[in-house]
Amino acid sequence: MALFDKEVITTKYESLSKIYYKRLTEYSKTYNERFNSPLTRHFNFQIQEYNHRNKYSAFFCYTEEFAVLMEEIYKKHEDLLQALQAVPPLVLEQFILSSIVDEVRATSDIEGIHSTRKEIKEVVSGSIQSARFSSIVAKYKSILTDSGQISFKTCEDIRAFYDEFAHKEVTANDPTHKLDGDLFRRDSVSITSASGKILHRGVQPEERIIELLNVTLGILHDPDMPLLARVAIFHYLFEYIHPFYDGNGRTARFIVSYFLASRFHRLVALRLSVLIKKNKKKYYDLFRETDSEWNCGDLTPFVLGFTEIISATFDDISLSLNNKIMQLTKYRQRLSTLIEGDALTREIYEALLQSSVFFGGGISMEGLIRATGKSRNTVKSRLDNMPAGHVLESGRGGGKKIYRLNLSIA
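Residues numbered from 1 in each chain as written. Predicted model: local features only at pLDDT ≥ 70, side-chain atom pairs only at ≥ 80, totals over all residues. Heavy atoms only, no water.

Asks: I'd love a proper account of the pattern of salt bridges, names of residues and values included.
Replies: Across all of its chains, the model carries 29 salt bridges by this definition. Linking Glu14 and Arg23 is a salt bridge whose minimum nitrogen-to-oxygen distance equals 2.6 Å. Residue classification places Arg23 among the partly exposed residues on the basis of a relative accessible area of 27%. Between Glu33 and Lys29 there is a salt bridge, and its shortest N-O distance comes to 2.6 Å. Linking Glu33 with Lys29, this pair stays in helix H2 (residues 24–35), spanning four residues, or about one helical turn. For Glu33, a relative accessible area of 44% translates into the label partly exposed. Ionic contacts of the salt-bridge type, sharing partners, join the residues Glu14, Lys22, Arg23 and Glu26 into one network. (Salt bridge = Lys/Arg side-chain N within 4 Å of Asp/Glu carboxyl O. Buried < 20%, exposed > 50% of the residue type's maximum accessible area, 1.4 Å probe, protein only. Helix = DSSP H or I, 4+ residues; strand = E, 2+ residues; numbered from the N terminus.)

Asks: Quick one: what's the story with the environment of Leu144, residue by residue and with numbers?
Replies: As for its placement among the helices and strands, Leu144 is situated in helix H6 (residues 134–145). Take Leu144: its relative accessible area is 26%, and that puts it in the partly exposed class. Taking the C-alpha atoms as reference points, Leu144 and Leu270, separated by 126 residues in sequence, lie 9.5 Å from one another. Each residue touching Leu144, except ones within four places of it in the same chain, is listed here: Ile96, Ile100, Arg266 and Leu270. (Contact = heavy atoms within 4.5 Å.)

Asks: How would you sum up the environment of Leu286? Please name residues and give values.
Replies: With respect to the helices and strands, the residue Leu286 is situated in helix H13 (residues 280–291). On the basis of relative accessible area, Leu286 is assigned to the buried category, the value being 7%. Measuring from C-alpha to C-alpha, the distance between Leu286 and Leu383 comes to 52 Å, with 97 residues separating the pair along the chain.

Asks: Tell me what's going on with helix H7 (residues 155–173), and back it up with residues and numbers.
Replies: At Ala166, H7 shows its largest bend, some 55°. Among all positions of H7, only Cys155, Asp157, Ile158, Arg159, Phe161, Tyr162, Phe165, Ala166, His167 and Val170 are buried. The inward-facing, buried residues of H7 abut H6, helix H8 (206–220), helix H9 (227–241) and helix H10 (248–261). (Bend = angle between axes of the 7 residues up to and from the residue.)

Asks: Tell me about the packing of helix H14 (residues 300–335) against helix H15 (residues 343–358), and please be specific about residues and values.
Replies: The contact between H14 and H15 brings their axes to 10 Å, and the two run at 140°. By the angle between their directions, the pair H14 and H15 is classed as oblique. Handedness of the crossing formed by H14 with H15: right-handed. Every residue of H15 that contacts H14 at Leu321, Lys324, Ile325, Gln327, Leu328, Tyr331, Arg332 and Leu335 is listed here: Glu350, Leu353, Gln354, Val357 and Phe358. By residue class, the composition of the contact of H14 with H15 is eight nonpolar, two polar and three charged. (Axes fitted to C-alpha atoms, helices over the stretch in contact; angles between N-to-C directions. Parallel < 35°, antiparallel > 145°, perpendicular 65-115°, else oblique. Left-handed = near helix turned anticlockwise from the far one by under 90°. Nonpolar A, V, L, I, M, F, W, Y, C, P; charged D, E, K, R; others polar.)

Asks: Provide a residue-level description of the confidence of the model for the chain, including the pertinent values.
Replies: For the chain, per-residue confidence averages 91 on the pLDDT scale, and residues scoring 70 or more make up 95% of the total. Long-range and interchain partners of residues 1–5, a stretch whose pLDDT sits below 50, account for ten contacts in this model, where long-range means more than four residues apart. (pLDDT = per-residue confidence, 0-100.)

Asks: Describe in detail the sheet that holds strand E6 (residues 391–394), supporting the description with residues and values.
Replies: Each strand in a sheet pairs with another by means of backbone hydrogen bonds, the pair being arranged parallel or else antiparallel. Here three strands make up an open sheet; going across it, the order is E5-E7-E6 and the pairing antiparallel. Each end of this open sheet is capped by a strand with a single partner; those strands are strand E5 (363–364) and E6. As defined by bridge partners, E5 adjoins strand E7 (residues 402–405) across two bridges and the pair is classed as antiparallel. Following the sheet pairing, Ser364 is matched in E7 by Ile402. (Pairing = 2+ DSSP bridges.)

Asks: Describe the environment of Phe264, naming the residues involved and giving the relevant values.
Replies: In this structure, Phe264 sits in the loop between H10 and helix H11 (266–269). Accessibility expressed as a relative area gives 4% for Phe264, which makes it buried.

Asks: I'd like to hear about the layout of surface pockets, residue by residue, with values.
Replies: In this structure, the largest pocket encloses a volume near 670 Å³. Considering the residues around the largest pocket, the lining is formed by 27 residues, among which Ile191, Thr192, Glu239, His242 and Tyr284 are closest to the centre. Elements that contribute at least two residues to the lining of the largest pocket include exactly helix H4 (89–110), strand E3 (190–192), strand E4 (198–201), H9, H10 and H13. Among the elements that line the lining of the largest pocket, the one with the most residues is H13, at six residues. (1 Å grid on protein atoms, 1.4 Å probe; cavity = no way out; pocket = protein on both sides within 12 Å on 5 of 7 lines; lining within 4 Å. Points joined across faces, edges and corners; volume = space filled by probe spheres on them.)

Asks: So what about the side chain of Thr30? Which residues, and what values?
Replies: Note that Thr30 resides in helix H2. A relative accessible area of 13% places Thr30 in the buried class. Non-local contacts of Thr30, meaning those with residues more than four positions away in its chain, are made with Leu16 and Ile19.

Asks: With reference to specific residues and values, describe the packing of aromatic side chains.
Replies: For any pair of aromatic rings, the description consists of the separation of the ring centres together with the inter-plane angle of the planes. Summed over the entire model, instances satisfying the criterion amount to 34 aromatic pairs. Geometrically, the ring pair formed by Tyr31 and Tyr56 is edge-to-face, given 6.5 Å between the ring centres and 80° between the ring planes. Residue Tyr31 is found in helix H2, and its partner Tyr56 is found in strand E2 (residues 56–61); the two are separated by 25 residues along the sequence. Take Tyr31 and Tyr56: they sit in the same class, and that class is buried. Aromatic pair Tyr283 and Tyr284: ring centres 5.3 Å apart, planes at 55°, arrangement tilted. According to the relative accessible area criterion, Tyr283 is buried, its value standing at 1%. Within the aromatic cluster, the residues linked to one another by ring pairs are Phe45, Tyr236, Tyr240, Tyr283, Tyr284, Phe287, Phe302 and Phe306. Here the basic side chain of Arg334 rests over the ring of Tyr331, its NZ or CZ set 5.5 Å away from the ring centre. (Phe/Tyr/Trp six-rings, centres within 6.5 Å; stacked < 30°, edge-to-face > 60°. Lys NZ or Arg CZ within 6 Å of the ring centre and 35° of its normal.)

If you want it as structure tokens, here you go:
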């Protein structure tokens, strides 16, 4: 599977901006056909490229390409659910925790926030408390248990979520990014390239932010539109509005993930930013192309490209899970001659091995109790009798004790 050897965004639908530069004589005719098509949805939202005069009403064309993409995704979801039935519960649990680590790191890296797997793993496992990334990890963990319980219906809901999700860490990094409006920012904000060139300027004043965000939330909750179209359009329009000084991207990606978790297996929601990071250039190109004045407000290229990224998350899950299972099998074979003890001891070794290979952050005593069905004292006595150096322990700053198998013994 050459998932990461090439870009996943390969849409056939040609953007109006490309037609403008390649076949100018077809440009106006194509725009009018698309804009006036009976298969086109229109939105009360105008797109204007930065430093350009013209504004265009946003629209989305339902195409055969989008229909095929949706069919492909739902088929992949069926295949994923079937494959996961054969995965042991602890393996799946540990893979989910590993996916949270990957997702939090990816969404942070996309924003230019340096992170390491080690520090995020410590937060996810609970071995440390009050650490950086605690709030974002807590929200991604909520996807596992509370999908549908966080409200994203109003501007007040968005602000309340942002306060818990990112505002504290954003202002700790830069106090000038503290929100100063009634709900959102009061001053302007710009998105710039690496060279400092302004690519986009967020909507202002705040009254306009609230007005357009209400439109955007209406699209997100529109029952007459497919979910995959809604989340893609929401993501683009949220970034276009840019209601916060910082943290807009990670907030939008989380909301998209949260809605995906309501329809698909929650692993899909925990791999979205991973795939976006792997296709970061194309991801940003989608925004720039959709912003373009010559694109005339056509959101279709963004919807198609973003939906392809969602489709690729299913392939990524299968690839990553298969690689981890192969790795687990190799370690299990190597360790078989080194492990001694009764059936329960071997069961504990297996739980430690699975958590060390799949998550890497280890497993708590509560996790071992769930995995074995035995009491704390029974599990603790087996751990105490294992050879020195086989089990590594961690836990600091008030965090709970975490156990890992020392894979170097193999």
